[in-house]
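Coordinates in review
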Amino acid sequence: MAAIIGVNGIGKSTLLRTLGKVQPKISGTIQLNNIPLEKLTDLNLATQISVVLTEPIASKNLTVWELVSLGRQPYTNWIGTLSDVDKEKIKSALEIVDLTPLKYKKCYELSDGQLQKVMIARALAQDTFIILMDEPTSHLDLYHKVQILKLLQDIAHKTKKTILFTTHEIEIAIQLCDKILILEQGKSAFGEPCELIRNRNFENLFPSDTITFDSSTGAFRVNR
Ligand SMILES: Nc1ncnc2c1ncn2[C@@H]1O[C@H](COP(=O)(O)OP(=O)(O)OP(=O)(O)O)[C@@H](O)[C@H]1O
């Protein structure tokens, strides 16, 4: 599980959306298993990368089951008939995020935290080895932020999927992520949290007259 962090406007969402081919790249090359992203068809890509963005869900009128079943779209025929395998994948995705009891609820009836779990389940149902998520914990309270990120960590470790997400929750990311990418103007650091702390990579993230990073606790302190 890896997080992309950095100050507002540094380009976290742009990078994530570009990696998922949701928007065209500005420059450079992106390869997936040595194949340039632009050479892959959208359908092929949809079996390898699932993307969860911050845009509100188009139809909250769908039930939880229906929304999660959209994750099977790359595998179903053109009318979207679900096979037994599709149904099994949806069922297991709902079980992983603990939403089985809510499967017939309409999405507009859910809390923000439950809705976020539905989006994770949709990505799981898509059954890709890479999941990209843009700010999966925005609008959640501290407890639910930690709950969602622990769930993602658990999924990444148990299923061996790569989960890459953007976040402003740097301190939680330091505690839960295997790797962190710190986006900065001109240079970016990528590595294990402890390695980044050792290399003092968090220390210049914010203006030091306002916020300093305490490497002994892995936390930020507001300068009074
Ligand atoms: N590599 C780049 N080159 C030029 N412009 C860029 C690049 N990356 C991002 N931008 C532009 O910078 C602006 C902010 O980018 P983006 O929304 O990705 O930042 P962010 O880090 O996700 O911000 P926030 O934390 O506020 O959500 C956008 O207008 C985007 O088009």
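Please read these numbers as outputs of a predicted model, since none were measured by experiment.

Moving on: the site of the ligand. By nearness alone, every residue bordering the ligand is listed as V7, N8, G9, I10, G11, K12, S13, T14, I26, E135 and H168. One nitrogen or oxygen atom from the main chain of G11 is found 3.0 Å from an oxygen atom belonging to the ligand. Between the ligand and S13, the relevant distance is 2.9 Å, taken from an oxygen atom to a main-chain nitrogen or oxygen of the residue. Relative to its free-state accessible area of 640 Å², the ligand is covered by the protein chains to the extent of 50%. Tallied by class, residues from the shell around the ligand come to 3 nonpolar, 6 polar and 2 charged.

Right, let's get into the layout of surface pockets. Its volume calculated, the largest pocket comes out at about 850 Å³. In this structure, the largest pocket is lined by 36 residues; those nearest its centre are V52, L53, E55, M119 and R122. When residues of the lining of the largest pocket are assigned to their parent elements, the largest contribution, 6 residues, is made by helix α5 (residues 112-126). Partitioned by chemical class, the residues of the lining of the largest pocket number 18 nonpolar, 10 polar and 8 charged. For the lining of the largest pocket, the two domains that each supply at least three residues are domain 1 (1-48 + 146-224) and domain 2 (56-127). Along the lines of polarity and charge, the residues of the lining of the second largest pocket split into 5 nonpolar, 6 polar and 1 charged.

Relative to the elements of secondary structure, L110 occurs in the loop between α4 (84-96) and α5. The sequence separation of L110 and V64 amounts to 46 residues, and the corresponding C-alpha distance is 9.2 Å. Beyond its immediate chain neighbours, meaning those up to four positions away, L110 contacts V64, L102, K105, L115 and V118.

This model, assessed by the stated rule, comprises 3 aromatic pairs. Ring geometry for F206 versus F220: centroids 5.4 Å apart, planes at 75 degrees, classification edge-to-face. Placement of the pair is F206 in the loop between α8 (193-198) and β9 (211-214) and F220 in strand β10 (residues 219-222), with a sequence separation of 14 residues. What links up through ring pairs into an aromatic cluster is the set F202, F206, F213 and F220. Looking at R72, its charged tip hangs above the ring of Y75, at a distance of 4.1 Å from the centre.

Two elements in contact, α5 and helix α6 (residues 142-159), have axes whose closest approach is 11 Å; the angle formed by their N-to-C orientations is 15 degrees. The pairing of α5 with α6 is recorded here as roughly parallel in orientation. Crossing hand, α5 versus α6: right-handed. Contacts between α5 and α6 involve G113, Q116, K117, I120 and L124 on the former and, on the latter, Q147, I148, L151, L152 and I155.

Compared with an ideal rise of 1.5 Å per residue, which puts 15 residues at 21 Å, α5 spans 21 Å between its outermost C-alpha atoms and is within 8% of the ideal. Counting buried positions along α5 yields 12 of 15 residues, so the element is predominantly enclosed. Close packing links the buried residues of α5 with α2 (42-46), β4 (49-52), α3 (64-69), α4, β5 (130-133) and α6.

The next thing to look at is the UniProt feature "domain: ABC transporter" (unreviewed entry) in the protein. UniProt tags residues 1-210 as "domain: ABC transporter" (unreviewed entry). Note that residues 1-210 is 37% helix and 13% strand, and that its end C-alpha atoms are spaced 30 Å apart.

Our focus in this paragraph is the sheet that holds strand β6 (residues 162-166). If you walk across this open sheet you meet the 6 strands as β4-β5-β6-β1-β7-β8, and the pairing is mixed. Because the sheet does not close on itself, it has two edges, and the strands there are β4 and β8 (189-191). Taken pair by pair, the neighbouring strands of this sheet meet at an average axis angle of 15 degrees, ignoring direction. Sitting on the sheet, helix α1 (residues 12-19) is in contact with β1 (2-5), β4, β5, β6 and β7 (179-182), with an inclination near 145 degrees to β6.

What follows is about the nonpolar core. Within the largest apolar cluster, 50 residues are counted, with the highest numbers of intra-cluster contacts made by M1, I5, V68, I120, L152, I180 and F202. Ranked by residue count, the leading element in this core is α5, at 8 residues. Sequence-distant contacts of I5, defined by excluding residues within four places in its chain, comprise K12, T167, I170, I180, L181, I182, L183, F202 and L205. Core analysis: the second largest hydrophobic core is formed by 15 residues, A2, L16, L32 and L132 among them.

Rules behind the numbers
Residues numbered from 1 in each chain as written. Predicted model: local features only at pLDDT ≥ 70, side-chain atom pairs only at ≥ 80, totals over all residues. Heavy atoms only, no water. Near = heavy atom within 4 Å. Polar contact = N/O pair within 3.5 Å; in protein donor to acceptor, adjacent residues only side chain to side chain. Areas by Shrake-Rupley, 256 points an atom, 1.4 Å probe, with all protein chains shown as cover. Nonpolar A, V, L, I, M, F, W, Y, C, P; charged D, E, K, R; others polar. 1 Å grid on protein atoms, 1.4 Å probe; cavity = no way out; pocket = protein on both sides within 12 Å on 5 of 7 lines; lining within 4 Å. Points joined across faces, edges and corners; volume = space filled by probe spheres on them. Helix = DSSP H or I, 4+ residues; strand = E, 2+ residues; numbered from the N terminus. Domains from an automatic or database assignment. Contact = heavy atoms within 4.5 Å. Phe/Tyr/Trp six-rings, centres within 6.5 Å; stacked < 30°, edge-to-face > 60°. Lys NZ or Arg CZ within 6 Å of the ring centre and 35° of its normal. Axes fitted to C-alpha atoms, helices over the stretch in contact; angles between N-to-C directions. Parallel < 35°, antiparallel > 145°, perpendicular 65-115°, else oblique. Left-handed = near helix turned anticlockwise from the far one by under 90°. Expected span 1.5 Å × (residues − 1). Buried < 20%, exposed > 50% of the residue type's maximum accessible area, 1.4 Å probe, protein only. UniProt positions renumbered as here; feature names shortened; annotations may be inferred. Pairing = 2+ DSSP bridges. Core = buried A, V, L, I, M, F, W, Y, C linked by side-chain atoms within 4.5 Å.

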